Amino acid sequence: MVSRVIATEAALELIELLKKKHGPVFFHQSGGCCDNSAANCYLPGELTIGSGDVYLGDIGGCPFYMGKSQYEYWKHTQLIIDVIDGFGGTFSLEGPEGKAFHTRSRVFSAEELGELSRMIDE
């Protein structure tokens with residue numbers, strides 16, 4: 001089964017650290033920050049998720065959302081959440097750890113897009 005969003009081992013380790021320190025967290029990627037390459041990590045209640053957001057799946061047991069308008073540009077790609085050194089200047093929870101979540105992507109194959117389409121129809 002193909003996933004719209006996945007995380008590297010480094011990202012999963014950082015997510016576990018953040019969950020141990022802060023409890024439940026979630027991710028949101030919007031179109032206005034860091035050339036759209038930063039997946040921001042939040043505590044529940046720090047950001048309202050609504051009809052303008054698309055749920056892409058979970059990474060490290062945490063929900064991941066993207067703004068609907070940005071999703072229209074990225075829906076043909078799989079997001080790969082990684083970690084880089086630095087603070088990134090974002091509002092994300094991992095900043096004090098000296099790390100920043102960073103989004104990479106790859107284009108889905110025709111077969112994967114077909115699978116995703118069938119999943120939506122079910």
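Structure first, text after, so check above.
Let me begin by describing the structure that accompanies this report.

Parameters at a glance
- Residues numbered from 1 in each chain as written.
- Predicted model: local features only at pLDDT ≥ 70, side-chain atom pairs only at ≥ 80, totals over all residues.
- Heavy atoms only, no water.
- Helix = DSSP H or I, 4+ residues; strand = E, 2+ residues; numbered from the N terminus.
- Phe/Tyr/Trp six-rings, centres within 6.5 Å; stacked < 30°, edge-to-face > 60°.
- Buried < 20%, exposed > 50% of the residue type's maximum accessible area, 1.4 Å probe, protein only.
- Pairing = 2+ DSSP bridges.
- Core = buried A, V, L, I, M, F, W, Y, C linked by side-chain atoms within 4.5 Å.
- Contact = heavy atoms within 4.5 Å.

## Some details on the environment of L116
Thought 1: Tracing the backbone through its elements, the reader meets L116 in helix α3 (residues 110-121).
Thought 2: Between the C-alpha atom of L116 and that of H76, which follows or precedes it by 40 residues, the distance is 9.9 Å.

## Side note on the packing of aromatic side chains
Thought 1: The full count for this structure, using the stated rule, is five aromatic pairs.
Thought 2: Aromatic ring contacts, followed pair by pair, group F26, Y42, Y55 and Y65 into a single cluster.

## Points about the pairing of strand β4 (residues 53-59)
Thought 1: Counting buried positions along β4 gives five out of seven residues, so the element sits mostly inside the fold.
Thought 2: By the bridge criterion, six bridges tie β4 to strand β5 (residues 62-67) in an arrangement that is antiparallel. Paired with V54 across the bridge in β5 is M66.
Thought 3: What sits between the antiparallel neighbours β4 and β5 is a turn of two residues, in which G60 has the positive phi angle 60°.

## Here's the deal with the nonpolar core
Thought 1: Core analysis: the biggest nonpolar cluster contains 22 residues, and F27, L56, F64, L79, I81 and F101 have the highest contact counts within it.
Thought 2: In terms of residues, this core owes the most to one element, helix α1 (residues 9-22), which gives four residues.
Thought 3: The residues contacting L79, other than those within four sequence positions of it, are R4, V5, I6, L56, F64, M66, W74, T103, R104 and S105.

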